[in-house]
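Spelled out from the first residue to the last, the chains are:
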Amino acid sequence: MRTTAEAPDMEPRTMSGDEPGANGPQGGAPIALRRVSHGFGDLEVLASLDLAVGAGEVLGLVGPSGCGKSTLLELIAGLAEPEAGAIEVGGAGAAAERLGRCAYMPQRDLLLPWLSAIDNAALAPRNRGASRAEARAAAAPLFERFGLKGFEDSRPDELSGGMRQRVAFLRTLLAGKPVLLLDEPFAALDAITRGEMQEWLAGALRTEVRTTLLVSHDVEEALYLCDRVLVLSGRPARVVAELAADAPRAEPRDGAVSAPSFVAVRERALKALREGSR
Amino acid sequence: MSAAAIKRWLPPVVVLVAFLGLWELAARWDLIAEALSIEPFLVPAPSDIAEALWKDADLLADNAWVTLQEIALGLALAIACGFGFALALHRWDLLRRAFYPLLMASQTIPVIAIAPVLVVWLGFGIGPKLVVIALICFFPITVNTLDGLRSVDPDYGRMMRTLDAGRSRILWAVEVPASLPFLASGVKIAAVVSVIGAVFGEWVGADEGLGHLILVAQGQVQTARVFAAVAVLSAIAITLFGLLTLLERRFGWWKPRQPKEAR
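Cut-offs and rules
- Residues numbered from 1 in each chain as written.
- Chains lettered and ligands numbered in written order.
- Predicted model: local features only at pLDDT ≥ 70, side-chain atom pairs only at ≥ 80, totals over all residues.
- Contact = placed C-beta atoms within 7 Å.
- Helix = DSSP H or I, 4+ residues; strand = E, 2+ residues; numbered from the N terminus.
- Nonpolar A, V, L, I, M, F, W, Y, C, P; charged D, E, K, R; others polar.
- pLDDT = per-residue confidence, 0-100.
- Buried ≥ 20, exposed ≤ 12 C-beta atoms within 10 Å, placed from the backbone.
- Pairing = 2+ DSSP bridges.
- Axes fitted to C-alpha atoms, helices over the stretch in contact; angles between N-to-C directions.
- Parallel < 35°, antiparallel > 145°, perpendicular 65-115°, else oblique.

Some details on the interface of chain A and chain B
Okay, so step 1: Tallying the contact residues gives 17 residues for chain A and 16 residues for chain B.
Okay, so step 2: Of all elements in the fold, only strand 5 (102-105) and helix 4 (123-127) of chain A reach the threshold of two or more residues within the side of chain A that touches chain B.
Okay, so step 3: Considered class by class, the residues forming the side of chain A that touches chain B number 14 nonpolar, one polar and two charged.

Below, the structure is given as structure tokens:
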């Protein structure tokens, strides 16, 4: 089991500070945080946090709401610089370089209502200057592979909540970044759809290997989808427990999450979460 | 006509018919003229106005055409300037902080009062009318568009930045489309006041147009013709508003589907 204390060992292995995605997004890129502190005015959100994520690892972050999980993702993504400490993604430390390596999927799907599903998914290539036809051609195979065939020209308001999240995830994948930052991606869905989407995402992550950070308030979701789960305390967030997942992304999900070994880990995580929230 | 349409339109139609009926009777029996102590021929009945509409149809149509051109061009000028100005204020924060309070304060300037100056500067042609209309219409368009641009959830910007979008790409791909419904409601408000602007523009100096016709008819105490011109003006405003509402529904952003683009 890796521990956060090993952070200095997490030097870049797969990427060498070249262009973003120089090695292609497949396989991911390592992330290392060293003594990262951040706050908003008097509010201390992160205090000297160390964190290391291996290339291709799926790491879950669970913690009480408002503990700074979303802030952490924003800092890693390069949308802001931390007040203190260093963040490296694929060996690059500057915010602009991190931004070039991370794709961020927010809790709400944020699909543009005036674009069709495929045009929404193809936003990243369009942003980089591809023509509409080129961008759609890049997105089309993913629609087929990820169960969205036939919905290419549907508008977001014609899609179910689960479908919208799939489109949002494809949009994130099509950014072609080695790091995926998923901020409570299924929180807005009903329980049944959420279970289906977890299974779907598990399948997607089997073929699309990226370094993935999954923020969730749902311990079961994190333990099912991630290789490793960190339980965070309330503000300022510190790691109160680190758990290796029992059988990450196993099929079928219902069997996996009801296995006694899974349940045992889940109980440990919940206990840590309760204690950390105090 | 569907039951719902009848239910919706019947009450206002009843009120309008009742109003016109009472006016007709009051005018016919000289009640209004007596109450105001004026000559009865100064108070036309609705039937007199209808007769004027019919008899002066050509005259009204010619002048309406002039006014309509002023309105269309003035409105187009206001949309172009208002939208462009809103974009600039949104894009550059310094500009917004410098101009937004002035924009609000500019609303207190009675545009009508400076119309005579515009005639001095721009002559008796269509110029001053366009400027008066554009000045009146500029404000609702700019303020609405700016509200629309600023209404976009900042999460969209964050999401787009991780998808490699630059500032101007976010503006054109997210903020501008999101602001179009706001622009549309601004234009609807502007279309209604544009008719008022056209009339004022013509009152200050014109030799044609419905506003000019009203002035001339008033001088000749042809009150029925004045009312006929007013009726045409309000018909123009209602038609414009209706057209814009239809257009908004037809090309409404994201409520109904847009026509499919050729692939």
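Once you've had a look at it, read on.
A word on the confidence of the model for chain B
All names here are of chain B.
Okay, so step 1: The predicted model of chain B averages 88 in pLDDT, with 95% of residues at 70 or higher.
Okay, so step 2: Within chain B, the lowest mean pLDDT, 83, falls on helix 2 (residues 31-36), and the highest, 93, falls on helix 4 (residues 57-91).
Okay, so step 3: Taken together, the chains of this predicted complex give a pTM of 0.79 and an interface ipTM of 0.81.

Some details on the environment of Phe 241 of chain B
Okay, so step 1: Among the structural elements, Phe 241 of chain B can be located in helix 11 (residues 223-250).
Okay, so step 2: For Phe 241 of chain B, a count of 16 C-beta atoms within 10 Å gives the class partly exposed.

A look at the sheet that holds strand 2 (residues 43-53) of chain A
Residue and element names in this part refer to chain A.
Okay, so step 1: If you walk across this open sheet you meet the three strands as 2-1-4, and the pairing is antiparallel. The outermost strands of the open sheet, each flanked by one partner alone, are strand 2 and strand 4 (84-89). Within the sheet, the average angular offset between the axes of one strand and its neighbour, ignoring direction, is 25°.
Okay, so step 2: Sheet topology places strand 1 (residues 31-40) next to strand 4; five bridges connect them, and they run antiparallel. By the bridge assignment for strand 4, Ile 31 is matched with Val 89.
Okay, so step 3: Across the sheet, helix 1 (residues 69-77) is in contact with strand 1, strand 2 and strand 4; its angle to strand 1 comes to roughly 120°.

Concerning the packing of helix 4 of chain B against helix 5 (residues 93-106) of chain B
Residues and elements named next belong to chain B.
Okay, so step 1: Running from N to C, helix 4 and helix 5 cross one another at 125°; their axes reach a closest spacing of 6 Å. Compared by their axis directions, helix 4 and helix 5 come out oblique. The segment helix 4 lies against helix 5, with Ala 88, Leu 89 and His 90 engaging Leu 95, Arg 96, Phe 99 and Tyr 100.
Okay, so step 2: Within the contact of helix 4 with helix 5, the residues separate by chemical class into five nonpolar, one polar and one charged.

Here's the deal with unusual backbone geometry
All names here are of chain A.
Okay, so step 1: With an omega of -15°, the peptide bond between Arg 235 and Pro 236 qualifies as cis.
Okay, so step 2: Assignment of secondary structure puts Pro 236 in the loop between strand 8 (228-232) and strand 9 (239-244).
Okay, so step 3: The residue after Glu 251, namely Pro 252, is reached through a cis peptide bond having omega -10°.
Okay, so step 4: Residue placement: Pro 252 occurs in the loop between strand 9 and helix 9 (253-258).

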